[in-house]
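Next come the chains, spelled out residue by residue.
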Amino acid sequence: MATAKDNKMIIVFTSIIYILIIVGLIFIYSSSSVFALEKLGNANFFVKKQLVGILLGSIGLFTLRFIPIKNIFRMTPLIFIFSLSLTILSMTKFLGQTIHGSSRWINIYGVGFQPSELLKISFILYAAYFIDKKGTKIRTLSKGYAPFLVILGIISLILLKQPDFGQTITISLTGIILLFLAGCKIKHILFTCLATTPLLITLVALKAYRLKRVLTFLNPWNDPQGSGFQIIQSLIAVGSGNFWGVGIANSKQKFFYLPMQHTDFVFSIIAEETGFLGCAMLILLYMALIYSGFALASKTENVFCRFTILGFTILTGLQSMINIFVATGLAPTKGIGLPFVSYGMSSIICNLTMVGIIINCFINENELNSVKFTSSNSLSNQRASAHQIL
């Protein structure tokens, strides 16, 4: 049974997430209202859809919070295969929908869903399941490390086919970090990083739009009205905020200067309207969320539950860092939203549902004591490895 201190940790973790969601609603409305009114005839269009996503995600949170964690554990492989299948279906003509040149959506009777958001969540669950099942074998090349890389490779191939390079990078980095925390040999990880570097360079070079993004990142002012337009407008928004900002809802860049202002570049609008102070507070919120996630993981003994919490925390941290880097010109554009803040129904539903699983893992991990794939020695070894790092 959870102690009062455990309940307090959960309340803090969940409160930070819902504060981020409230911030997101404010700035989704502020950044999208002009665009929505002009293009769709309803200034509240995007914020209303986000509210529906938050409602559905909150229902998912409370539902997954009370489903027996051992059932989630047993169903994890099926959930993972299902999400992979949906992601593949998003590239078919029958169900798939192409937006901005990428086949990432499934459209059924006018309702769109992005399966790769579900894939992110199911991958975290399956990675935790895989690490738990393998025990100390995860540290061996042939029985643990290499099979995990094969799974990552399959996911990467599917995502690159859409194409979704940003999602590929974040999921792959999350997987590698989880392997490191599970105690895999550093030499294996270093070799993987060195071996994949030429592959990444090749992937960028083979696609003209990827190469153009990199070149634009290096010098956006080389084509200020073309490929460099978006990042230049983002930098203008960030710079215009100064210390205090121009005031909420007073952004000028949202008036059709900055594309994707309520999704990938919502941070730029936040920077313009709230300035350095607002940006610092938002970054502190993400730092608090990451710290809270690691704190929950450090108190969790079960391997599956521990790595589920770690995986979500790492993925959220990577996504927020990449998004902020892109908005401030520190990284090439990736198409990655700001977790819990950017507009995106699929993202908010899946993320909130995952929060329910995390709460369930933290409170009810003892239910998994009767469902063990690993010996007590291997479990204690993995706990010690993760504890040393956390």
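Model, not experiment: these values are computed from the prediction.

Caption draft 1: Representation of the side chain of Ser 268 within the structure. Along the chain, Ser 268 turns up in helix 10 (residues 266-298). Residue classification places Ser 268 among the buried positions, given a relative accessible area of 0%. Discounting residues that sit within four places of it in the chain, Ser 268 has contacts with Ser 234, Ala 237, Val 238, Leu 258 and Ala 327.

Caption draft 2: The arrangement of helix 4 (residues 115-134) in detail. Taking 1.5 Å as the rise per residue, helix 4 with 20 residues should run 28 Å; its terminal C-alpha atoms sit 27 Å apart, in good agreement. With 18 of 20 residues buried, helix 4 lies mostly within the body of the structure. Two residues or fewer after helix 4 comes Gly 135, characterised by a positive phi angle close to 60°.

Caption draft 3: Highlighting helix 2 (residues 45-66). With 22 residues, helix 2 extends 33 Å between its outermost C-alpha atoms, agreeing within 8% with the 32 Å of an ideal straight helix rising 1.5 Å per residue. By the burial criterion, the buried members of helix 2 are Phe 46, Val 47, Gln 50, Gly 53, Ile 54, Gly 57, Ser 58, Gly 60, Leu 61, Leu 64 and Arg 65. The buried residues of helix 2 occupy one face: seen down the axis, they fall within an arc of 165°. Exposed and facing more than 90 degrees away from the buried side of helix 2 are Leu 55, Phe 62 and Phe 66. On the buried face of helix 2, the contacting elements are helix 1 (4-40), helix 3 (69-89) and helix 12 (345-364).

Rules behind the numbers
Residues numbered from 1 in each chain as written. Predicted model: local features only at pLDDT ≥ 70, side-chain atom pairs only at ≥ 80, totals over all residues. Heavy atoms only, no water. Helix = DSSP H or I, 4+ residues; strand = E, 2+ residues; numbered from the N terminus. Buried < 20%, exposed > 50% of the residue type's maximum accessible area, 1.4 Å probe, protein only. Contact = heavy atoms within 4.5 Å. Expected span 1.5 Å × (residues − 1). Arc of directions from axis to C-beta.

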